[in-house]
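Breakdown of the fold
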Amino acid sequence: MSVLEGLKVIDLTRGCCGAYAAMQLADYGARVVRPGEPPLDPARDALHFGMEYQPDLQLPKGLEGAGVLLAEADTLPDGLTRSVLRAQYPKLVCAVIREDGAVGGHLAEAACGMMDMTGFPDGAPTLSGGQSAECFAGVSLCFAITAALQNVENGGEGAWIDYSLYDTFYSLLESPILFRELTGTCPGRCGSADPATLVPYDVFACQDGYFSAGLASDAGWDRFCNAIGMSELIDDPRYDTNEKRCERYEEMTALFAPFFAGRTRAQLQEIFSAANIPSAPVLSAEEAMENEQIQARGMVRQAPAARDSFPLTCSPMKMSVTKPVCGG
Amino acid sequence: MKPFAGIRVVDFTQAHAGSLATMLLADMGAEVIKIERAGSGDLARYWAPFRDGNSGYYAFLNRGKKSMSLKLTTPEGKEIVHRLLATADVVCENFKYGSMERMGLTYEVMREIKPDIIYASLNGFGQTGPMKKTIGLDLQLQAMSGIMDATGAADGDPVRVGVAFGDHLSGTYMALAISLALMERKRTGQGQRIDIAILDVLFSLHRQRLAGALPACRLGNRSPEYAPCDGFRTKDGWLLIQVVRDEQWEALCGVLGLDELAARADLKTNQERLSRYESELKAPIAAAAAKWERDALAQALTAAGVPCSPVHTVAEAMDSPRSAGLLAEVQDSALGAVRFPDSHFHIDTIDTKVTCSAPLQGEHTVAYLRELGYSDLEIAALREKGAAEGGEDA
């Protein structure tokens, strides 16, 4: 029996954040009910996999017996205000996402400063790929929902969670915010590197894609130089401390790049692993799915579907007692 | 009322992700007792930015927690931890694989002391699998998980998401798992072992793409569903434009003076615009947007009903009215008055407002030793030996 069995969730959301919050609840046994017809192609609707569609779902009647209501502000039916819902369903946990489900997440990512932190310094500010930021927001919202459910179990009232993607993404920006608060200056986007803190620590183009390598601290510079066949750099007074290397980031990058450009990801992996330097190939999602660590961790299953089966990522919460339903 | 009031967390986490998990629990009322290594303390105490040598990062991640400073390699230090574990509901750690075992603090040992303990671990690759002993930095985990490959322009290089994304996501998942485990304990009386890997949490985000619902390539700032949706450079900054309805397309053309495009019959539907965006729409829109100032264009488009947002720098976002109230103002014991992101949860029946300082190293050592039954004489001996430190004034 999964831990959320017996919990009914009414999910009116259209966007990724709501879907991702509902998905966690469904994975652990909640019965998630959505309005409308089930999708013709379940693969296109993978975030709602295993949820129930009710074409004739009536609100507020459908909230009878529900523990959670999930909606975006624009999908919440008129009249279902906080006070109305609290009066009628005093134990209900309502989570209402302020931004709309279509483009609200992207606009919030732009407005709050997060988009400006992603990308190369001389290039465009960039959205997180694959709606990652909104997925994060969904996990975070789910945490708040489970906390509120426990408040109810402990004898407390229901909850109205006024959830904002803007506020959620803004909360990811502690580093630049703290820098501005404490030093007066705010660092900008810096590609995949961190030239104010660590050099080498970057992604380099190689023969068959991209490869990441870097040091976690000042230690290991000699191993890095030996690995790339440039032992003459080890004691070069221009580069022999991390601080000096940070000041000469561009110059260092130009020195390192040819080594990577001439090799494949597999060759680089072998060299850097042998040298015990943190490194990894840049993998596509499809490549990552085949990776032996991902496989060993049981991160992918096949969804049973009427026509073609399709791969479905599994819950990353590996717990010894509490298990997701159907291997979720 | 706070949902985790009365829940005691013995917290061996340090640095970012694990500390973020226990931060979320503390914000929701849990009593989080951070066990810091005598002498050096939490790694995050050495993270910039600083004020007078004290880390702002530590202050943010550890607000509202308690601190005991212990030498876990001594028998006396171990005994203190054992006594403390007997009173704990949850234990958290995010060391590299095998570290807790070397200190004799395995799940099995803890379960002997407290049978229903919830023991949560978090690190780069997890507690199982061929790479479990590998050290993963944020860069490597973003690279391997596929999230970096999915971020960046289609015709450009992949790029990491420019916040500590793996740390935030894995820490949040750890807090969620602990929350579920607390529910489980209430239902079945059982504790359990939780194993979170940063690689897993980042990889799991590809559900839509691997199922075939999102294209298997990076799209930069474009949408797989709607066009035109993209970021455009203006005279003084960038603007994100998101056209999702046909009338918004007409309005966009109206504001930008793109009459020829507006008149074209083969651009009336989203599907047509989506297939022609790169070849025919992107350049003229970019050229028109480049003649505007960012905020003027944002205002004109908003007035015309076109969804858009300026791409704010963090400094601009901090100064904007939209961000009012989003920073907690805390009187930190080490830094003095400091501001950092408050809890982003606004819940009418749960007060999540952050008001408490992060602890000084070992600030609560003596108070907890007394609670655990140590006499003042014994406490003095522990401090003499270096097994426990801090809390002189307690």
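A short tour of the structure in this document, coming up. (Residues numbered from 1 in each chain as written. Chains lettered and ligands numbered in written order. Predicted model: local features only at pLDDT ≥ 70, side-chain atom pairs only at ≥ 80, totals over all residues. Heavy atoms only, no water.)

Below, the discussion takes up the overall build of chain B. Summing up its helical and strand segments, chain B has 16 helices and 14 strands in all. Expressed along its principal axes, the backbone C-alpha trace of chain B runs to roughly 90 × 45 × 40 Å. When each of the 394 residues of chain B is scored for burial, the buried share is 61%. When contacts within chain B are restricted to residue pairs at least 6 apart in sequence, those whose partners lie at least 24 apart make up 68%. Carbon and sulfur atoms provide 51% of the accessible area of chain B, an area that totals close to 14,500 Å². Seen as two clouds, the 43 positive and the 51 negative side-chain charges of chain B have centres 3 Å apart. (Helix = DSSP H or I, 4+ residues; strand = E, 2+ residues; numbered from the N terminus. Buried < 20%, exposed > 50% of the residue type's maximum accessible area, 1.4 Å probe, protein only. Contact = heavy atoms within 4.5 Å. Areas by Shrake-Rupley, 256 points an atom, 1.4 Å probe, with all protein chains shown as cover. Lys, Arg positive; Asp, Glu negative; His and termini not counted. Charge placed at Lys NZ, Arg CZ, Asp CG, Glu CD.)

So, about the side chain of D45(A). All names here are of chain A. In this structure, D45 sits in the loop between strand 2 (31–35) and strand 3 (52–54). Put simply, D45 is tucked away with no salt bridge, and the nearest opposite charge, on R34, sits 5.5 Å away. Not counting residues within four places of it along the chain, the set of residues in contact with D45 comprises P39 and Y53. (Salt bridge = Lys/Arg side-chain N within 4 Å of Asp/Glu carboxyl O.)

A separate point is the interface of chain B and chain A. Quoted interface sizes are often the accessible area lost when the parts come together. If you look at the interface, chain B gives 124 residues, while chain A gives 130 residues. Here chain B and chain A share an interface that buries about 11,000 Å² over both sides, 64% of which is from carbon and sulfur atoms. Three residues, F203(B), R207(B) and H344(B), lead the burial of chain B against chain A; their summed loss comes to 8% of the area buried on that side. For the pair chain B and chain A, the interface holds 10 salt bridges. R187(B) is the salt-bridge partner of E153(A), the closest N and O atoms lying 2.9 Å from each other. The tally of links from chain B across to chain A stands at 54 residue pairs in polar contact (both at pLDDT 80 or more). Sorting elements by how many residues they give to the side of chain B that touches chain A places helix 7 (residues 165–188) of chain B first, with 16 residues. Here the residues of the side of chain B that touches chain A are counted per class, giving 69 nonpolar, 34 polar and 21 charged. Here strand 12 (residues 318–319) of chain A pairs with strand 8 (residues 192–197) of chain B via two bridges, running antiparallel. Residue K318(A) lies in a different strand from strand 8 of chain B, and its bridge partner there is D195(B). (Buried area = accessible area lost by both parts, 1.4 Å probe. Polar contact = N/O pair within 3.5 Å; in protein donor to acceptor, adjacent residues only side chain to side chain. Nonpolar A, V, L, I, M, F, W, Y, C, P; charged D, E, K, R; others polar. Pairing = 2+ DSSP bridges.)

Ranked by size, the top nonpolar core spans 136 residues in total, and within it L141(A), I145(A) and F165(B) carry the most contacts. No other element matches helix 4 (residues 132–153) of chain A, which puts 14 residues into this core. Beyond its immediate chain neighbours, meaning those up to four positions away, L141(A) contacts C17(A), A21(A), L70(A), A95(A), I97(A), I161(A) and Y163(A). Counting 30 residues, the second largest nonpolar core, distinct from the first, contains I35(B), M68(B), L70(B) and M100(B). (Core = buried A, V, L, I, M, F, W, Y, C linked by side-chain atoms within 4.5 Å.)

What follows covers the sheet that holds strand 8 (residues 209–214) of chain A. Residues and elements named next belong to chain A. With antiparallel pairing, the three strands of this open sheet are ordered in space as 7-8-9. Two strands in the sheet have a free side with no partner beyond their single neighbour: strand 7 (201–206) and strand 9 (279–281). Averaged over all adjacent pairs, the angle separating strand axes in this sheet is 20°, with direction ignored. Both strand 8 and strand 9 contribute to a ladder of three bridges, which runs antiparallel. Paired with S212 across the strands is A280, a residue of strand 9. (Axes fitted to C-alpha atoms, helices over the stretch in contact; angles between N-to-C directions.)

This part is about the sheet that holds strand 5 (residues 93–97) of chain A. Residues and elements named next belong to chain A. One open sheet accounts for six strands, arranged 3-2-1-4-5-6; its pairing is parallel. Because the sheet does not close on itself, it has two edges, and the strands there are strand 3 and strand 6 (159–163). Within the sheet, the average angular offset between the axes of one strand and its neighbour, ignoring direction, is 20°. As paired elements, strand 5 and strand 6 share five bridges and run parallel to each other. Across the sheet, residue V96 finds its bridge partner in strand 6, namely D162. Along the sheet, helix 1 (residues 16–27) makes contact with strand 1 (8–11), strand 2, strand 4 (68–72), strand 5 and strand 6, crossing strand 4 at roughly 160°.

Before going further, it helps to examine the pattern of salt bridges. Residue and element names in this part refer to chain B. Under the counting rule described, the total for this entry stands at 46 salt bridges over all chains. Of the charged contacts in the structure, one is a salt bridge between D89 and R185, with a shortest N-O distance of 2.9 Å. You can see D89 sitting in the loop between helix 3 (75–85) and strand 6 (90–93) and its partner R185 sitting in helix 7, a full 96 residues away along the chain. Taking relative accessible area as the criterion, D89 reaches 12% and is therefore assigned buried.

All right, on to the pairing of strand 5 of chain A then. All names here are of chain A. With five of its five residues buried, strand 5 lies for the most part within the structure. Of the two faces of strand 5, the one holding V93, A95 and I97 and the one holding C94 and V96 are both buried throughout. With helix 2 (residues 82–88) bridging strand 4 and the parallel strand 5, this β-α-β connection has right-handed handedness. (Right-handed = clockwise from strand over helix to strand, strands pointing away.)

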